[in-house]
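# Observations on chain architecture
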Amino acid sequence: QVQLVESGGGLVQAGGSLRLSCAASGRFFSVNDMGWYRQAPGKQRELVAAMSRDGDARYADSVKGRFTISRDNAKNTVYLQMNSLKEEDTAVYYCNANVVPIGVALGYGRWGRGTQVTVSS
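Residues numbered from 1 in each chain as written. Predicted model: local features only at pLDDT ≥ 70, side-chain atom pairs only at ≥ 80, totals over all residues. Heavy atoms only, no water.

Moving on: the nonpolar core. Residues Trp36, Val48, Phe67, Leu80, Met82 and Tyr93 are the most contacted members of the largest nonpolar core, which totals 30 residues. Every element with two or more residues in this core is listed here: strand E3 (18-25), strand E4 (30-39), strand E5 (46-51), strand E7 (67-72), strand E8 (77-82), strand E9 (91-100) and strand E11 (115-120). Of all the elements, E9 adds the most residues to this core, at 5 residues. (Core = buried A, V, L, I, M, F, W, Y, C linked by side-chain atoms within 4.5 Å. Buried < 20%, exposed > 50% of the residue type's maximum accessible area, 1.4 Å probe, protein only. Helix = DSSP H or I, 4+ residues; strand = E, 2+ residues; numbered from the N terminus.)

Written out as structure tokens, the structure is:
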């Protein structure tokens, strides 16, 4: 059973910073793309940032220049450094990873349970 365990959410004032972490655990061959999505109340879940195993990153336009995604392949962990936070960044942040099982050619998506990020004015 593969699990994604997130940490690092919390309450921060506007302009502040937070760092999210997500570690994949369990038995698997490798992890391909890893990323972060968020869902605010009444809104659809949206991509925040994602990174391939080779380090190619992509960001939502709303977070470019403020958020930075990184990963440690040896630890199967992805990070999201969030700077200059705004009230509109308030949401539940979910980790997502494409996990390749042992002996299988294709990976499948897994979600973490989410971590709350609240930005106050």
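A word on the side chain of Asp89. Its location among the elements puts Asp89 in the loop between E8 and E9. In this structure Asp89 comes out as buried when scored by relative accessible area, which is 1%. Among the polar contacts listed, one links the side chain of Asp89 to the side chain of Arg38, at a separation of 2.9 Å. Every residue in contact with Asp89, bar those within four places of it in the chain, is listed here: Arg38, Arg66, Phe67, Ser84, Val117 and Val119. (Polar contact = N/O pair within 3.5 Å; in protein donor to acceptor, adjacent residues only side chain to side chain. Contact = heavy atoms within 4.5 Å.)

You will see that Asn76, though not glycine, has its phi angle at about 50°, which is positive. In this fold, Asn76 is placed in the loop between E7 and E8. One non-glycine residue, Ser84, lies in positive phi territory at about 50°. In this structure Ser84 comes out as partly exposed when scored by relative accessible area, which is 41%.

A few words now on the pairing of strand E1 (residues 3-7). Burial along E1 is one-sided: the residues Leu4 and Glu6 are buried and none of Gln3, Val5 and Ser7 is. Relative to E3, E1 runs antiparallel, the two sharing 5 bridges. By the bridge assignment, Val5 is partnered in E3 with Ala23. (Pairing = 2+ DSSP bridges.)

Here we come to the state of the cysteines. Throughout the structure, instances matching the rule amount to 1 disulfide. The disulfide that involves Cys22 links it to Cys95, with 2.0 Å between the sulfurs. Taking the sign of the S-S torsion, about -80° here, the bridge from Cys22 to Cys95 comes out left-handed. Here Cys22, found in strand E3, pairs with Cys95, found in strand E9; they are 73 residues apart in sequence, far enough to count as distant. Residue classification places Cys95 among the buried positions, given a relative accessible area of 0%. (Disulfide = S-S within 2.5 Å.)

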